[in-house]
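Examination of the molecular architecture
The residues making up each chain are set out below.
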Amino acid sequence: MKRVSVFCGSSLGNDAIYKQEAFQLGKTLAQKGIGLVYGGAHIGLMGAVADGALSESGEVIGVIPNFLRSKEIAHEGISELILTDTMHQRKSKMNDLCDGVIVLPGGFGTLDEYFEMLTWGQLGLHQKPLGILNTNGYYNHLINHVETMAQEGFLSEDNKSMVIIESEINILFETMASYQSPKTGKWVDEQKI
């Protein structure tokens with residue numbers, strides 16, 4: 001992978017481990033020669049992952065909508081800052097620039113970004129690995145819900161396999177490197193009534 005988009009919170013969360021892991025992820029990306037594409041802010045986990053990559057002289061590309069830059073949250077020390085007009089354009093640009101995605105803890109925005117990329121992959125619009133770094137068990141409830149979606153017939157087993165979840169950075173990279181996108185379509189087979 002040449003570049004990875006990282007989706008994560010603009011907050012730090014309540015446990016210092018979240019910031020530590022975000023910083024370490026950025027550092028590891030740079031050490032592996034993988035460029036970071038992220039939301040462009042200097043605050044929260046976004047700022048931590050960017051600072052981690054910068055600490056190892058890594059490439060850091062931020063993508064931020066104009067209205068957020070005007071709130072003075074843009075990281076000014078990164079390699080490149082790309083401005084967009086809308087949040088949707090931001091996601092699209094981040095997709096265009098990356099070969100894979102890693103998700104760290106975050107809130108609604110992080111989940112929105114992850115699920116849109118996951119849906120695009122499910123529809124065959126890309127074949128990129130989409131990894132979740134499950135720091136401190138943050139995404140355990142999401143893992144359970146994905147299982148429920150499959151059990152209740154709303155998610156095929158093939159598409160469930162698109163959800164790559166690991167709790168250690170290096171294992172996540174290994175799993176993402178061996179990822180094969182599903183060969184089947186999105187829809188779960190209709191059962192005859």
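The structure under discussion appears in the preceding block.
In this report, we go over the structure that sits alongside the text. (Residues numbered from 1 in each chain as written. Predicted model: local features only at pLDDT ≥ 70, side-chain atom pairs only at ≥ 80, totals over all residues. Heavy atoms only, no water.)

**Observations regarding helix 8 (residues 169–177)**
Buried within helix 8 are the following residues: Ile-169, Leu-172, Phe-173 and Met-176. An end-on view of helix 8 places all buried positions within 100 degrees of arc, on one side of the element. Buried residues along helix 8 sit in contact with helix 1 (16–31), strand 5 (100–103), strand 6 (130–133) and strand 7 (163–166). (Buried < 20%, exposed > 50% of the residue type's maximum accessible area, 1.4 Å probe, protein only. Helix = DSSP H or I, 4+ residues; strand = E, 2+ residues; numbered from the N terminus. Arc of directions from axis to C-beta. Contact = heavy atoms within 4.5 Å.)

**Considerations on the packing of aromatic side chains**
A full pass over the atoms with the stated rule returns three aromatic pairs. Here Tyr-138 and Tyr-139 contribute two aromatic rings whose centre-to-centre distance is 4.8 Å and whose plane-to-plane angle is 90 degrees, an arrangement assigned as edge-to-face. Since its relative accessible area comes to 34%, Tyr-138 is described here as partly exposed. Pairwise contacts between aromatic rings join Tyr-18, Tyr-138 and Tyr-139 into one cluster. A cation over an aromatic ring shows up here: Lys-32 above the ring of Phe-173, its NZ or CZ 5.3 Å from the ring centre. (Phe/Tyr/Trp six-rings, centres within 6.5 Å; stacked < 30°, edge-to-face > 60°. Lys NZ or Arg CZ within 6 Å of the ring centre and 35° of its normal.)

**Focus on the nonpolar core**
Ranked by size, the top nonpolar core spans 56 residues in total, and within it Val-6, Leu-25, Leu-36 and Ile-102 carry the most contacts. Of the residues forming this core, the biggest block, six residues, is contributed by helix 2 (residues 44–55). Beyond its immediate stretch of four places on either side in the chain, Leu-25 contacts Val-6, Val-49, Ile-102, Leu-104, Ile-169 and Phe-173. (Core = buried A, V, L, I, M, F, W, Y, C linked by side-chain atoms within 4.5 Å.)

**Considering the side chain of Thr-84**
Here Thr-84 shows up in strand 4 (residues 80–84). At 3.1 Å, the side chain of Thr-84 and the backbone oxygen of Thr-86 are in polar contact. If we skip the residues at most four places from it in the chain, Thr-84 touches Val-63, Ile-64, Pro-65, Asn-66, Gln-89 and Arg-90. (Polar contact = N/O pair within 3.5 Å; in protein donor to acceptor, adjacent residues only side chain to side chain.)

**Focus on helix 5 (residues 108–122)**
Here helix 5 spans 20 Å end to end across 15 residues, near enough to the 21 Å set by a 1.5 Å rise per residue. Residues Thr-110, Glu-113, Tyr-114, Glu-116, Met-117, Leu-118, Trp-120, Gly-121 and Gln-122 constitute the buried set of helix 5. Those residues of helix 5 that are buried lie in contact with strand 1 (3–7), helix 4 (87–97), strand 5, strand 6, helix 7 (157–160) and strand 7. Looking one or two residues past helix 5, Gly-124 carries a phi angle of roughly 80 degrees, positive in sign. (Expected span 1.5 Å × (residues − 1).)

Everything listed here is a matter of geometry and, on its own, says nothing about what the molecule does.
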